[in-house]
Every structure is written in C-alpha cells, then in structure tokens.
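Below, each chain spelled out in residue letters.
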Amino acid sequence: MDLTVLAVGGFAFLCGGLIKGVVGMGLPLTSVALMTQFIDLRIAVPLLVIPILVTNALQAIRGHKLVSLLREYWTLIVTACAFTFIGVYLLYNVNSKHLLLVLGTVITLYGLFNLFAIRVTVSDKHKPWLSPLTGLAAGLMAGMTGVIAIPTMMYFQALKLPKDIFVQALGITFFVAGTFLMIALWLEGGLNLRNIHVSALAMVPAVFGMYVGEKIRKKISEEKFRTWVFIFLCLIGLNLVRKSLY
C-alpha cells in the first residue's frame with residue numbers, strides 16, 4: 001500500500017467523517033467518491049469495510065426496534081447480502097470504467113434528487129416486492145462500488161419511516177450487508193492481510209472528521225451545509241462520469 005493511497009484515503013475519510021458529523025450520513029459515499037478521483041475503484045472499495053462496520057454497529061443496536069426491523073425487512077437484507085457477492089465479482093471482472101460510470105451516475109442523480117427535494121412515496125402494500133428489489137440494487141451497488149446507502153435510503157425515505165426508525169433500519173442494513181461485503185471481498189482477494197489494517201486505520205481520520213463535523217453542526221445552518229454537500233456530490237459524480245467516458 002503506497003503513500004499515495006494512504007494520503008488519498010486519509011483525506012477522503014476525513015472529509016467523509018466531517019460530512020457525517022454535520023449531516024449524520026455520507027461517510028462511505030463521500031469517501032469512495034473522493035478516493036476514485038485518484039485511485040482505482042478496486043483499491044478504494046476494500047478500504048471502506050472497517051469504517052462501514054464500526055460506524056453502523058452502534059447505530060444498528062441503538063433503539064428498541066432491532067428484532068422487529070429485522071423481521072420486517074429481512075427480504076431486503078438477505079437479498080442485499082446475496083447480491084453483494086455478485087457485485088464484488090463484477091468489481092474485479094468488469095472494466096472499471098463501466099463501474100465508474102455507474103457510480104458517477106448514481107451519485108449525480110442522488111445529489112440532484114436531494115437538491116431539488118424530489119420525494120417519492122411508497123405504500124406499505126408494495127413492500128413484498130420492493131424490499132427484495134431494493135436489496136438487489138443495494139447489494140450490487142455495495143459490491144461494485146462500496147456504496148450501499150443510496151438505494152436503501154431512497155426506499156426508506158419513500159416509506160416515510162420516522163426519523164429514529166429510519167436511522168436504525170439503515171444501521172442494521174449497512175452493518176449486515178457490510179459484513180457480507182467484507183466476506184465477499186476476502187474471498188475474491190480484494191481484502192487481505194496487506195490492506196485490512198489500512199481499512200482499520202481509516203477510522204482515525206473518519207472519527208476525527210466526525211468530531212469536527214459535530215462541532216461545526218452547532219455553528220452553521222445544517223440545511224445550507226446539506227445543500228453544498230449535494231452540490232459537491234453532483235460535481236464529483238459528473239467528474240466520475242467524465243473519467244469513465246474519456
């Protein structure tokens with residue numbers, strides 16, 4: 001693991017932690033989006049594993065809905081875990097430019113959806129087929145790009161889950177799927193004894209960034225910061241699309 005990867009990874013996780021500290025989300029998404037500006041996606045994704053597991057472990061068990069949420073969204077979680085293996089296979093067997101195009105497009109659309117406050121509502125009666133479909137998309141995205149958040153967040157937002165349940169449901173999904181992402185990457189050889197310690201070290205800038213972000217949150221408008229975050233993600237996403245095409 002050379003100094004370029006360490007420097008880029010440290011900066012990316014610092015920024016990801018900063019954004020998570022201010023707005024409560026976005027650490028893996030921001031980190032992988034920044035890292036892939038400078039290093040290969042196949043190197044960046046394994047570095048996300050430990051931060052994903054650690055930052056979502058407490059979020060998953062915080063609250064009183066762990067069992068009921070597992071029971072309610074088990075089809076989403078199981079499907080996400082299964083398709084994570086397919087996503088990781090694609091990560092190491094498909095041209096990385098195609099994956100950058102997918103990642104850049106998804107990040108850009110996610111940023112635009114939030115900038116223009118586009119909201120979709122889903123009725124509970126659609127859960128039986130939408131939950132596994134969301135899990136399929138989330139698993140593929142997690143394996144190919146390390147980003148599981150976008151399909152899952154959009155689905156839970158569409159269900160209009162109360163804030164505390166929304167946060168815990170995301171934590172559960174991210175932690176369980178993150179565990180299977182780690183297994184899939186290890187089996188594929190992307191995660192190994194040479195880089196797992198770097199993934200663990202990534203928690204240092206991430207946690208420091210979260211600490212600073214929480215301090216900033218008290219002094220600035222969170223809504224304005226969110227707006228700039230989504231503009232920032234749109235620009236990064238568009239640049240990834242550019243990199244994939246030229």
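Scroll up a little and you will see the structure.
Residues numbered from 1 in each chain as written. Predicted model: local features only at pLDDT ≥ 70, side-chain atom pairs only at ≥ 80, totals over all residues. Heavy atoms only, no water.

1. Here's the deal with the packing of helix H8 (residues 127-145) against helix H9 (residues 149-158)
Keep this limit in mind: Lines are fitted to the C-alpha atoms to define the axes, a helix being fitted only along its stretch in contact, and any angle between axes, read from their N-to-C directions, falls within 0 to 180 degrees. Strands are runs of DSSP state E lasting at least two residues, helices are runs of H or I lasting at least four, and both sets are numbered from the N terminus onward. Roughly parallel here means an angle under 35 degrees, roughly antiparallel means over 145, roughly perpendicular means 65 to 115, and every remaining angle is called oblique. Working rule for contacts: check all heavy atoms of both residues, and any pair within 4.5 Å makes them a contact. Each residue gets one label: Ala, Val, Leu, Ile, Met, Phe, Trp, Tyr, Cys and Pro are nonpolar, Asp, Glu, Lys and Arg are charged, and the others, such as Gly, are polar.
Where H8 contacts H9, the two axes come as close as 7 Å, and the packing angle between them is 155 degrees. With respect to each other, H8 and H9 are oriented roughly antiparallel. Along the contact surface, H8 presents Lys127, Leu130, Ser131, Thr134, Ala137, Ala138 and Met141, while H9 presents Pro151, Thr152 and Tyr155. Its residues assigned to classes, the contact of H8 with H9 shows 6 nonpolar, 3 polar and 1 charged.

2. What about the state of the cysteines?
Counted only if it meets this: A pair of cysteine sulfur atoms is labelled a disulfide when the two atoms are within 2.5 Å. Only protein chains enter the accessibility calculation, which uses a 1.4 Å probe; a residue whose area is less than 20% of its type maximum is buried, one above 50% is exposed, and one in between is partly exposed.
Per the counting criterion, the structure on display carries 0 disulfides. The closest cysteine sulfur to the non-disulfide-bonded Cys15 is located on Cys234, 17 Å from its own sulfur. Taking relative accessible area as the criterion, Cys15 reaches 18% and is therefore assigned buried.

3. Re unusual backbone geometry
Of note, Lys160 is a non-glycine position whose phi angle comes to about 55 degrees, a positive value. Lys160 sits in the exposed class, given a relative accessible area of 56%.

4. Points about the side chain of Thr84
Which entries qualify depends on this criterion: Any N or O atom pair separated by 3.5 Å or less is treated as a polar contact, with the protein-specific requirement of one donor-capable and one acceptor-capable atom, and with residues adjacent in sequence counted only for side-chain atom pairs.
Along the chain, Thr84 falls in helix H6 (residues 74-93). Look at Thr84 and you get buried, because its relative accessible area is 0%. Within the structure, Thr84 has its side chain in polar contact with the backbone oxygen of Ala80 (distance 2.6 Å).

5. Here's the deal with the side chain of Gln168
Mapped onto the secondary structure, Gln168 falls in helix H10 (residues 163-188). Setting aside residues up to four positions removed in sequence, Gln168 forms contacts with Gln59, Ala60, Ile61, Arg62, Gly63, His64, Lys65, Leu66 and Leu69.

6. A closer look at the pattern of salt bridges
So the rule is basically this: Within this document, salt bridges are pairs made up of a side-chain nitrogen of Lys or Arg and a carboxyl oxygen of Asp or Glu, the two lying within 4 Å of each other.
The tally for this structure, following the rule as stated, stands at 3 salt bridges. Glu72 serves as the salt-bridge partner of Lys127, at 2.3 Å between the closest nitrogen and oxygen. Of this pair, Lys127 sits in helix H8 while Glu72 sits in helix H5 (residues 66-72), and the two are 55 residues apart along the sequence. On the basis of relative accessible area, Glu72 is assigned to the partly exposed category, the value being 40%. Of the charged contacts in the structure, one is a salt bridge between Lys127 and Asp124, with a shortest N-O distance of 3.8 Å. With a relative accessible area of 13%, Lys127 lands in the buried category.

7. A closer look at helix H12 (residues 203-217)
Because the α-helix completes a turn every 3.6 residues, residues three or four places apart line up on one side. Rules: A helix is expected to span 1.5 Å multiplied by its residue count minus one. Of all possible arcs, the one meant is that of the directions from the helix axis to the C-beta atoms.
When the terminal C-alpha atoms of H12 are compared, their 20 Å separation across 15 residues agrees well with the 21 Å that a helix rising 1.5 Å per residue should span. For H12, the complete set of buried residues consists of Met203, Pro205, Ala206, Gly209, Met210 and Gly213. The arc that holds the buried residues of H12, viewed along the axis, is 160 degrees, so those residues lie on one side.

8. A word on helix H2 (residues 27-35)
Most of H2 sits inside the fold, with 8 of its 9 residues counted as buried. Those residues of H2 lying buried are Leu27, Leu29, Thr30, Ser31, Val32, Ala33, Leu34 and Met35.

Read these as geometric descriptors, not functional statements.
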